Amino acid sequence: MADTLVYKDTPPALLPLYGRALLSKKSTPDANITLPRLAATLLCAHTASEDLRHYRRTCEFRPSSHVPITWPHILAFPLHLKLLTEKAFPLPLLGLVHLRNSITQHRPIGVGEALKLDVCVSHQERTSRGIEFSMITNASSAGTVVWEETSTMLFRQPEKHTEQTTKATPPTLERYPNTKEFEAPESIGRQYAKISGDRNPIHMHALSARAFGFPRAIAHGMWSKAKALAILEQQNGWQSGPVSVSCQFKKPLFLPGTAQLNWQTEKNRWDYQLLNARGDAPHLSGRIEWR
């Protein structure tokens, strides 16, 4: 077990980490590489800040005495970036793909509540697409875990025999009975980056996105998830108890763009998906389960 990097009440500064992120790794990672088990802890993360107000506005969460369910992800981001830019971490940060995100909130977290954040790199798996691994984050209050997150990442390194395989036909897209359309402005990537610290060039401007093969900038996946939750929280039937919210990120949402939030409700489970303007392709799909 590797030593844990410990920060008292101030997370690692982002500016030096941005510089590290731009540096290429010295060698191409081997297919059989084993990722080190890196870990970091922030002993006292402050949940109340001016950034929280801007975050609510950017994602359109309603004012509340509790923080949005996705807010601890923002608080933990500097720890994520610190681990992913460590010399011991062998994969390049730029080019990593965020595949899935799952959050479990055991109880609402109050604005102003102090949290202890623990982050580690874990759950490595070799798939046909490359190397998958998870960033595990736990948020504790007074010694009790109140919030947990798993973000699954992909380093593309497809197996040779899969590169020439014909892509499978995607499954028929199921449509749900409830739909709400919203606009994603061209500037939303920069707005979200200013709050979250995630300044990946693919989100910032069309010019920087083109350098990575995208015709325009794309929305952050975690902004899309937060935006969807901000809308769903305002619907009849939303519950306030312990909840898990998972999603899979699929096709990019190009900026500016129009998206459709589409969902269905059951007693203790809602299924949701974020679709393109035509409603025939998903940007993300997920499930909300109350426990």
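To be clear, the structure that these remarks concern was listed above.
Residues numbered from 1 in each chain as written. Predicted model: local features only at pLDDT ≥ 70, side-chain atom pairs only at ≥ 80, totals over all residues. Heavy atoms only, no water.

## Quick notes on the overall build of the protein
Move 1: Looking only at helices and strands, the protein has eight helices and eleven strands in total.
Move 2: Taking 19 Å as the expected radius of gyration for a compact globule of 291 residues, we find that the protein reaches 19 Å, a close match to that expectation.
Move 3: Counting only C-alpha atoms and orienting by the principal axes, one finds that the protein spans roughly 50 × 50 × 35 Å.
Move 4: Taken across its 291 residues, the protein has 48% of its residues classed as buried.
Move 5: Across the protein, every contact between residues at least 6 apart in sequence was considered, and the portion connecting residues at least 24 apart equals 73%.
Move 6: If you sum the accessible surface of the protein, you get close to 14,800 Å²; carbon and sulfur atoms cover 52% of it.
Move 7: Here the protein contributes 35 positive and 25 negative side-chain charges, whose respective centroids are spaced 3 Å apart. (Helix = DSSP H or I, 4+ residues; strand = E, 2+ residues; numbered from the N terminus. Rg over C-alpha atoms; globule rule 2.2 N^0.38 Å. Buried < 20%, exposed > 50% of the residue type's maximum accessible area, 1.4 Å probe, protein only. Contact = heavy atoms within 4.5 Å. Areas by Shrake-Rupley, 256 points an atom, 1.4 Å probe, with all protein chains shown as cover. Lys, Arg positive; Asp, Glu negative; His and termini not counted. Charge placed at Lys NZ, Arg CZ, Asp CG, Glu CD.)

## Remarks on helix α5 (residues 188-196)
Residue pairs three or four apart in sequence face the same way in an α-helix, which turns once every 3.6 residues.
Move 1: Within α5 the residues assigned to the buried category are I188, G189, Y192, A193, I195 and S196. What you see down the axis of α5 is that its buried residues fit within an arc of 165°, all on one side.
Move 2: Looking at the packing, one finds that the buried side of α5 touches α2 (50-59), α3 (71-84), α6 (201-204) and α8 (221-232).
Move 3: Where α5 terminates, the next one or two residues include G197, which has phi positive at roughly 90°. (Arc of directions from axis to C-beta.)

## A word on the nonpolar core
Move 1: Grouped together as the largest cluster of nonpolar side chains are 71 residues, with contacts concentrated most on Y55, L117, F133, W223, L261, Y272 and I288.
Move 2: Looking at which element gives the most residues to this core, the answer is α3, with nine residues.
Move 3: With sequence-adjacent residues up to four places away left out, I288 is seen in contact with L229, L232, W238, V243, S244, V245, N268, R269, W270 and Y272. (Core = buried A, V, L, I, M, F, W, Y, C linked by side-chain atoms within 4.5 Å.)

## Some words on the pattern of salt bridges
Move 1: Inspection of the entire model under this criterion finds 13 salt bridges.
Move 2: Salt-bridge contacts for E132 lead to R100; the nearest nitrogen and oxygen are separated by 3.2 Å. You can see E132 sitting in strand β5 (residues 130-141) and its partner R100 sitting in strand β3 (residues 97-105), a full 32 residues away along the chain.
Move 3: Classification of E132 as buried rests on a relative accessible area of 6%.
Move 4: When salt bridges that share partners are traced, they join E266, R269, D271 and R287 into one network. (Salt bridge = Lys/Arg side-chain N within 4 Å of Asp/Glu carboxyl O.)

That is the geometry; function is a separate question.
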